[in-house]
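# What the coordinates show
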Amino acid sequence: MRFISCLILLLLSVGFSTIEAQEKTEFSFPQAAERLALLSESILKDSLLVDRQAAYVAFDSLLIHTLEQPNSFDYPFEEVQAVSIQVPLDNSFRIFTWQLFVDNNTYKYGGLIQKNTPTAALYPLNDQSAALPIYDIEYATLHPEDWYGAIYFNIQAFDSLEQKYLLFGYDGFEFFHKRKVAEVLSFDEDGAPVFGAPVFSKAAEGYPATTKNRLYLEYDASIAVRLNYDESLGVLIHDHLVQMRGQYRGQGMVNVPDGSYEGYYYKNGLWNYKAKIFDLVSEEPPRPEPVLGTTKRTLFGKSVDKKNK
C-alpha cells in the first residue's frame, strides 16, 4: 500500500512538471483538474499520514499554479469532488477549502480565495485555529495568514448589506467534539480578505448589547447540528444547545440540540439575536448515536445511503 501511494504521488508530481512545461504552449485545465482531484482524494482518504501530508503540499502548489493561468476563473473544477468550492451569487470571487486528517484530535485545513479579476488575485489561507485561544475565537479579526481553518459549506451574499458576505464552515476539531462557525467575509481597501466583524449582537435583559466577530458552536460529534442562513425566514438560524454527560469514559460534558432553535436577524447594520425562532420544542434532547457505530457519514455528518456506498 505504501509503495502504491508513493507511486501515485510520483506520477502526480511528474504530471505537475508536465503541466509546467506546457505553460509556454497550451495549458490544459482538464488535465490539471484531474490531477487535483486525485491529490484531493489522497488528502482525504489515504491510510498513511505521510502520504496525506505529501498530497496536501502537492495539491496546494498545483492549485496555485493552475489558478495563475489566464482565464482560470472560468473553469469550474467540477472534477475535484473532495474540495469545497463556494462562489457567491455576484461571482466576484470563489473560495476553495479542504481538510487534512492528522489524527483523532487534529485536523488541518487548507484554503485559497481567488478573485474574479483580469490578473490573478490569489490569497492562500493559512490555518492557525490551533494557535487561537478559545476566548479569542468569537472576537478576533482574522486575515489569510491567521485564518480560522474550516470547510466552508455555504456562502450567503447580501447586495443591500454593508457586510456583504456570510460564511458558514465546519471544523472537525476533535474526536468527540465538532464545531461549526459563521462569520462575515469582507475585503479591505487593498482588496485583501478579512474574516470577522463585530456584527453579531446579543443583549441580556438589563445590560447593553455586546457584539461578536463570529459565531461558533461546539457539539457532540455524533449529532448533526444546524448553523446556516434560512432564506425563507430571512434569519441566521442554529440549534439551541444544552449540556449533557457524554457516553464514553473521558468524554466529559457534551453539547447537544434540545429541539429548539435560536438565531440572528439583520437590522440597522447588525445581526441581532433572537432567543426562539420556532415555538416547537422537543420534550427531551435527542440521544446521540455511538461515535464508533457502523453508520457511514459524509464530511458534514450526513448519513450515506447504502446505494451510494
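Residues numbered from 1 in each chain as written. Predicted model: local features only at pLDDT ≥ 70, side-chain atom pairs only at ≥ 80, totals over all residues. Heavy atoms only, no water.

## Some points on the layout of surface pockets
Put simply, the second largest pocket is a space of about 290 Å³. Lining the second largest pocket are 18 residues, with Y107, S129, A130, D171 and F173 sitting closest to its centre. Looking at which element gives the most residues to the lining of the second largest pocket, the answer is strand β3 (residues 106–115), with 4 residues. For the lining of the second largest pocket, the class distribution of residues is 10 nonpolar, 4 polar and 4 charged. (1 Å grid on protein atoms, 1.4 Å probe; cavity = no way out; pocket = protein on both sides within 12 Å on 5 of 7 lines; lining within 4 Å. Points joined across faces, edges and corners; volume = space filled by probe spheres on them. Helix = DSSP H or I, 4+ residues; strand = E, 2+ residues; numbered from the N terminus. Nonpolar A, V, L, I, M, F, W, Y, C, P; charged D, E, K, R; others polar.)

## Some points on the pairing of strand β15 (residues 270–274)
Across 2 bridges, strand β9 (residues 200–202) lies against β15 in parallel orientation. By the bridge assignment for β15, S201 is matched with N272. Bridge analysis of strand β14 (residues 253–267) against β15 gives 5 bridges, and the strand direction is antiparallel. Looking across to β15, one finds that Y266 is bridged to W271. Linkage of β14 to β15, two consecutive antiparallel strands, is achieved through a turn of 2 residues, within which N268 is found at a positive phi near 55 degrees. (Pairing = 2+ DSSP bridges.)

## Overview of the sheet that holds β3
Taken in spatial order, the 4 strands make up an open sheet running β1-β2-β3-β4, and their pairing is antiparallel. Where the open sheet ends on each side, the last strands, each with one partner, are β1 (84–86) and β4 (121–126). The average angle at which neighbouring strand axes cross in this sheet is 15 degrees, direction not considered. Taken together, the 3 bridges between β1 and strand β2 (residues 93–103) define a ladder with antiparallel strand orientation. Across the sheet, residue I85 finds its bridge partner in β2, namely F96. (Axes fitted to C-alpha atoms, helices over the stretch in contact; angles between N-to-C directions.)

## Looking at the confidence of the model for the chain
On average, residues of the chain carry a pLDDT of 85, and 81% of them reach 70 or more. Across the chain, the secondary-structure element scoring lowest on mean pLDDT is helix α1 (residues 2–22), at 50, and the one scoring highest is β1, at 98. Note that pLDDT drops below 50 for residues 285–297; the model gives that stretch 34 contacts with residues more than four away or on any other chain. Note on residues 299–303: pLDDT under 50 across the span, and 11 contacts to partners over four residues away in sequence or across chains. (pLDDT = per-residue confidence, 0-100. Contact = heavy atoms within 4.5 Å.)

## Observations concerning helix α2 (residues 29–45)
Taking 1.5 Å of rise per residue, the 17 residues of α2 would be expected to cover 24 Å, and the 24 Å separating its terminal C-alpha atoms lies within 8% of that figure. Within α2, burial applies to F29, A32, A33, R35, L36, A37, L39, S40, S42 and I43. Sitting at the amino-terminal end of α2 is S28, which places a side-chain oxygen 3.2 Å from the backbone nitrogen of Q31. (Expected span 1.5 Å × (residues − 1). Buried < 20%, exposed > 50% of the residue type's maximum accessible area, 1.4 Å probe, protein only. Polar contact = N/O pair within 3.5 Å; in protein donor to acceptor, adjacent residues only side chain to side chain.)

## Re the packing of α2 against helix α3 (residues 49–67)
In a pair of packed helices, the angle between the axes and the distance between the axes together describe the arrangement. One way to put it is that α2 packs onto α3 with a least axis distance of 8 Å and a crossing angle of 155 degrees. One element, α2, and the other, α3, form an angle in the roughly antiparallel class. At the point where α2 passes α3, the crossing takes the left-handed sense. On α3, the residues touching F29, A32, R35, L36, L39, S40, S42 and I43 of α2 are D51, R52, A55, Y56, A58, F59, L62, L63 and T66. (Parallel < 35°, antiparallel > 145°, perpendicular 65-115°, else oblique. Left-handed = near helix turned anticlockwise from the far one by under 90°.)

## Thoughts on the environment of Y139
Topologically, Y139 is positioned in the loop between β4 and β5 (151–157). What makes Y139 partly exposed here is its relative accessible area of 45%. For Y139 and K212, which are 73 residues apart along the polypeptide, the C-alpha to C-alpha distance reads 5.3 Å. Excluding residues within four positions of it along the chain, Y139 makes contact with T211, K212 and N213.

## A closer look at the sheet that holds β14
Overall, mixed pairing links the 6 strands, which are arranged β10-β9-β15-β14-β13-β12 in an open sheet. Each edge of the open sheet carries a strand with a single partner, namely β10 (210–212) and β12 (227–230). Mean inter-strand twist for the sheet, computed between neighbouring axes without regard to direction, equals 35 degrees. Taken together, the 3 bridges between β9 and β10 define a ladder with antiparallel strand orientation. Residue pairing for β10: K202 is matched across the bridge by T210.

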